[in-house]
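Secondary and tertiary structure notes
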Amino acid sequence: LKIIISHLNDSDLVVSTTGMASREIFEYREEINKSHSNDFLTVGGMGHASQIALGISNQCLGRQVICIDGDGAAIMHFGSLIINASESSKNFKHIIINNGAHDSVGGQSTAGFKIDITKIANDIGYKTLKSSSNRQELSSSMRKLIKLDGPALLEVKVRKGSRKSLGRPTTTPIENKIGFMQNISYKNK
């Protein structure tokens, strides 16, 4: 996630899936002393991040909207991918972190490693990049993704697990929502 965030511009908006991804993004923004106002952390809304991101991308046409999703969440609401692709939002970028598990809620296996997420996404209308599975591939893919018109999808294959010391956001979901809404309202006037 640090590599992904490091490739984004200060105006790019991030909508992250529930669980570990949102926790890590919050922690990294703190680490680099950056505001959280560009991030919508989809706490408690597993599977809904891409639809939230799509709605934001349709309203914030001058800004890139990056959805950081998990394989379990994306598979849970697979129909959302079809909607995302059919909307043809040029500023919508979808990154699926595929660890083959519902890591945030107990580590149960998903079909993430058994299906070809990028092929499915390509077949339904996403512009896709090959799956990235190491730091160099991910950096290269992120540079391409940022330049690509959306809807575009990048799958990032990772191992299951997270740091035991991973913190939690120090703001409430309501505070996060209000800060995010104020940011996009101010910059879209």
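Here we summarise the structure given alongside this text. (Residues numbered from 1 in each chain as written. Predicted model: local features only at pLDDT ≥ 70, side-chain atom pairs only at ≥ 80, totals over all residues. Heavy atoms only, no water.)

To continue, consider helix 7 (residues 135-147). Taking 1.5 Å per residue as the helical rise, helix 7 with its 13 residues ought to reach 18 Å, and the 19 Å between its terminal C-alpha atoms agrees with that figure. Turning to helix 7, the residues buried within the fold contact helix 1 (2-6), strand 4 (92-98), strand 7 (127-132) and strand 8 (152-157). By the N-cap criterion, in which a side-chain oxygen at the helix start approaches the backbone nitrogen of a residue two or three places on, helix 7 is capped by Asn-134, the distance to Gln-136 being 3.1 Å. (Helix = DSSP H or I, 4+ residues; strand = E, 2+ residues; numbered from the N terminus. Expected span 1.5 Å × (residues − 1). Contact = heavy atoms within 4.5 Å. Polar contact = N/O pair within 3.5 Å; in protein donor to acceptor, adjacent residues only side chain to side chain.)

The buried fraction of strand 8 amounts to 5 of the 6 residues, a majority that puts the element mostly inside the structure. Relative to strand 8, strand 4 runs parallel, the two sharing 6 bridges. Within strand 8, the residue paired with His-94 across the bridge is Leu-153. (Buried < 20%, exposed > 50% of the residue type's maximum accessible area, 1.4 Å probe, protein only. Pairing = 2+ DSSP bridges.)

Next up on the list: unusual backbone geometry. Residue Gly-150 is joined to Pro-151 through a cis peptide bond whose omega torsion reads 0°. Phi is positive for Asn-33, close to 60°, though the residue is something other than glycine. By secondary structure assignment, the location of Asn-33 is in the loop between helix 2 (20-31) and strand 2 (39-41). A residue is classified by how much of its surface remains accessible, and Asn-33, at 72% relative accessible area, is exposed. The backbone phi angle of Ser-88 is positive, close to 55°, even though this residue is not glycine.

So, to be careful, I would describe these as geometric facts and stop short of saying anything about function.
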